[in-house]
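Breakdown of the fold
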Amino acid sequence: MTRLIIMGPPGSGKGTQAGHIAGHFGIPAISTGDIFRAHVGGNTELGAEASKYMDHGEFVPDHLTNAMVRLRLGNSDVRPGFLLDGYPRTTAQIEALDGILAGAGQQLDAVVELAVDDDELVARMLRRAQDQGRSDDTAPVIRRRLELYRNETRAVVERYAERGIVLAVDGSGRREEITAKAIAAIESALGKGL
Ligand code: AMP
């Protein structure tokens, strides 16, 4: 069983890395952002509620996000493990995830933190806005999402760092090199029984 989290500021490439890393370990990559976007696209009730926040770069409220993750982690495809991408993002979400895992007698193996400097992040996100037409990739929304990451999600990384399970990976450079560095760091941590 391999239970992982990938964290990194918006634009750090964590979604792309999540897919490659999860593929290597044969586990599903679970992106809360992707699940929310699927709900928005499918015009569900959750999608309508979530888009009020997403369009402004704000976090979707914890109770909605936690309930969605609890449901997702109940699927049978997570039996070999999972890689969570974009969750938890608040300390309340850490507690919810701890509760979900404890209920199943499980615990996290490692948290990968991708580090990329701010100028490169903004440039990458504006490029992505053009390529993918994401409504939350405009300059003011990008700034807000970076600010939220700094203010709230840093505390999540710090909380996991206190548990000794954070693996810092340099997120600049070629995609393949970053994936290889992340996989090596995870395998070394798993080998040490971290
Ligand atoms: P992402 O694709 O991970 O950058 O997420 C896109 C947007 O979805 C975020 O800006 C939030 O509005 C929402 N979202 C994704 N994950 C979470 C989460 N764990 N908690 C709250 N909101 C989230």
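As shown above, the structure is provided for reference.
The following paragraphs examine the structure supplied in this document. (Residues numbered from 1 in each chain as written. Predicted model: local features only at pLDDT ≥ 70, side-chain atom pairs only at ≥ 80, totals over all residues. Heavy atoms only, no water.)

Our focus in this paragraph is the site of the ligand. In the vicinity of the ligand, 17 residues are found, and the nearest of them are Thr32, Arg37, Glu58, Gly86 and Arg145. Between Arg89 and the ligand, the recorded distance is 3.0 Å, taken from a side-chain N or O atom to an oxygen atom. Gln93 places a polar side-chain atom, nitrogen or oxygen, 2.9 Å from a nitrogen atom of the ligand. In isolation the ligand has 480 Å² of accessible area, and contact with the protein removes 97% of it. If you map the ligand onto the pockets, it falls in the largest pocket. A per-element tally of the shell around the ligand places helix H2 (residues 32-41) first, with four residues. (Near = heavy atom within 4 Å. Polar contact = N/O pair within 3.5 Å; in protein donor to acceptor, adjacent residues only side chain to side chain. Areas by Shrake-Rupley, 256 points an atom, 1.4 Å probe, with all protein chains shown as cover. 1 Å grid on protein atoms, 1.4 Å probe; cavity = no way out; pocket = protein on both sides within 12 Å on 5 of 7 lines; lining within 4 Å. Sits in = over half its atoms within 2 Å of the grid points. Helix = DSSP H or I, 4+ residues; strand = E, 2+ residues; numbered from the N terminus.)

Moving on to the environment of Thr32. Within the secondary structure layout, Thr32 lies in helix H2. Accessibility expressed as a relative area gives 3% for Thr32, which makes it buried. Separated by 16 residues in sequence, Thr32 and Thr16 place their C-alpha atoms 14 Å apart. The contacts of Thr32, once residues within four sequence positions are left out, are Thr65, Met68, Val69, Asp85, Gly86, Tyr87 and Arg89. Of the polar contacts made by the side chain of Thr32, one reaches the backbone oxygen of Gly86; its length is 3.1 Å. (Buried < 20%, exposed > 50% of the residue type's maximum accessible area, 1.4 Å probe, protein only. Contact = heavy atoms within 4.5 Å.)

The next thing to look at is the layout of surface pockets. Approximately 990 Å³ is the volume found for the largest pocket. Residue lining of the largest pocket: 46 residues in total, with Lys14, Arg37, Arg128, Arg134 and Arg145 positioned closest to the centre. Looking at the lining of the largest pocket, the elements that each hand over two or more residues are strand E1 (2-7), helix H1 (14-25), H2, helix H6 (118-132), helix H7 (139-162) and helix H8 (175-191). At six residues, the largest contribution of residues to the lining of the largest pocket is made by H6. A breakdown of the residues in the lining of the largest pocket according to their chemical character gives 13 nonpolar, 18 polar and 15 charged. (Points joined across faces, edges and corners; volume = space filled by probe spheres on them. Nonpolar A, V, L, I, M, F, W, Y, C, P; charged D, E, K, R; others polar.)

Taken as a whole, this structure holds 12 salt bridges when the rule is applied. The residue Glu176 makes a salt bridge to Arg174 at a minimum N-O spacing of 3.4 Å. Using a relative accessible area of 41% as the deciding quantity, one classes Glu176 as partly exposed. Residue Glu177 pairs with Arg174 through a salt bridge whose shortest N-O separation is 3.1 Å. By relative accessible area, Glu177 is classed as partly exposed at 40%. Under the relative-accessibility criterion, Arg174 is labelled partly exposed at 47%. Three or more residues joined by partner-sharing salt bridges are found here, namely Glu58, Arg144 and Glu147. (Salt bridge = Lys/Arg side-chain N within 4 Å of Asp/Glu carboxyl O.)

Nothing here speaks to function; it is all geometry.
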